[in-house]
Amino acid sequence: QKEVEQNSGPLSVPEGAIASLNCTYSDRVSQSFFWYRQYSGKSPELIMSIYSNGDKEDGRFTAQLNKASQYVSLLIRDSQPSDSATYLCAVNLPASGNTGKLIFGQGTTLQVKP
Amino acid sequence: DVKVTQSSRYLVKRTGEKVFLECVQDMDHENMFWYRQDPGLGLRLIYFSYDVKMKEKGDIPEGYSVSREKKERFSLILESASTNQTSMYLCASSSPSGREDTQYFGPGTRLTVL
């Protein structure tokens, strides 16, 4: 069983729509959750982190965490063609102590069509 | 802002050569990581280090070694490059005392082994 699972996509949405990206994880004691955006040929850049159940909003981005369901999602409102990228979900690995190891999903490719 | 730099963006080497990939971070982070990223396989952890001179194997350490003589610098070494090591190599750093486990990535090195 994969530790962090994402639908690889591609997820295609029209410009201006809401894009919803989902991620499930297997380690019940994980505490830190991250969404990274990666443009083709570039390195991942952090979009949002979330540590508590509920919603966290930052501009057009909202991260949602449900620890009971082991589920974290990213909503992108008013999607723009510039949002077209691969989105990586990452979860910390408490068993690794202070080493800072994260487990990454394989990523969901988002296509925003003008 | 956190800055992680990698010595080369693109590198072409021949089979059997010894290859050094350098990574430097300027945020006094304790933890540093080397990943490789291949289409369809996602990010795979090669080695990581949680302190100077400390290193641990990741998921795919075979054919690689690392060196961390100074806190800010983490080097990945391919002792004898092979064509199956052609990949994008990404370095990241994090601090257990900072935003919990957030990893910051360098720009990546695209290595081609001929």
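Anything mentioned here points back to the structure above.
What you are looking at is a predicted structure, and each value in this text was computed from that prediction instead of being measured. (Residues numbered from 1 in each chain as written. Chains lettered and ligands numbered in written order. Predicted model: local features only at pLDDT ≥ 70, side-chain atom pairs only at ≥ 80, totals over all residues. Heavy atoms only, no water.)

Visitor: How should I be thinking about the overall build of chain B in this particular structure?
Guide: When helices and strands are counted, chain B shows zero helices and eleven strands. Along its sequence from the N terminus, chain B presents helices and strands in the succession β-β-β-β-β-β-β-β-β-β-β. For 114 residues, the compact-globule estimate of 2.2 N^0.38 gives 13 Å, and chain B sits close to it at 13 Å. Its C-alpha atoms give chain B principal-axis dimensions of about 40 × 30 × 25 Å. A buried classification covers 49% of the 114 residues belonging to chain B. Within chain B, residue pairs in contact and separated by at least 24 positions form 56% of the contacts whose partners lie at least 6 positions apart. (Helix = DSSP H or I, 4+ residues; strand = E, 2+ residues; numbered from the N terminus. Rg over C-alpha atoms; globule rule 2.2 N^0.38 Å. Buried < 20%, exposed > 50% of the residue type's maximum accessible area, 1.4 Å probe, protein only. Contact = heavy atoms within 4.5 Å.)

Visitor: In this structure, what is going on with the interface of chain A and chain B? I would like to understand it.
Guide: For interface size, the figure often reported is the accessible area lost on association. Each partner contributes residues to the interface: chain A has 21 residues there, and chain B has 25 residues. Between chain A and chain B we count zero salt bridges in total. Across the contact surface, chain A and chain B share five residue pairs in polar contact (both at pLDDT 80 or more). Looking at the side of chain A that touches chain B, the elements that each hand over two or more residues are β4 (33–38), β5 (45–50), β9 (85–92) and β10 (102–104) of chain A. The element contributing the most residues to the side of chain A that touches chain B is β4 of chain A, with three residues. (Salt bridge = Lys/Arg side-chain N within 4 Å of Asp/Glu carboxyl O. Polar contact = N/O pair within 3.5 Å; in protein donor to acceptor, adjacent residues only side chain to side chain.)

Visitor: Explain the pairing of strand β5 (residues 42–51) of chain B to me, please; I cannot follow it from the model alone.
Guide: A regular strand places its side chains on the two faces of the sheet in alternate fashion. All names here are of chain B. Burial analysis of β5 places seven of its ten residues in the buried class, the great majority of the element. Bridging between strand β4 (residues 31–38) and β5 involves seven bridges; their strand directions are antiparallel. By the bridge assignment for β5, M32 is matched with S49. Between β4 and β5, which pair antiparallel one after the other, the connecting turn spans three residues, and G40 there sits at a positive phi close to 80°. In textbook terms, the turn of a hairpin is the stretch between consecutive antiparallel strands, and for β5 and strand β6 (residues 54–57) this stretch comprises two residues, one of which, K53, has a positive phi near 65°. (Pairing = 2+ DSSP bridges.)

Visitor: How do you make sense of the side chain of R68 of chain B when you look at a structure like this?
Guide: Residue and element names in this part refer to chain B. Along the chain, the position of R68 falls in strand β7 (residues 64–70). An unpaired buried charge is present at R68: no salt bridge exists, and D51, the closest side chain of opposite charge, is 6.0 Å distant. In this structure the side chain of R68 is engaged in a polar contact, spanning 2.6 Å, whose partner is the backbone oxygen of E30. Sequence-distant contacts of R68, that is, excluding residues within four places in its chain, are made with Q25, H29, E30, N31, M32, S49, Y50, D51, V52, K53, R73 and F74. (Lys, Arg positive; Asp, Glu negative; His and termini not counted.)

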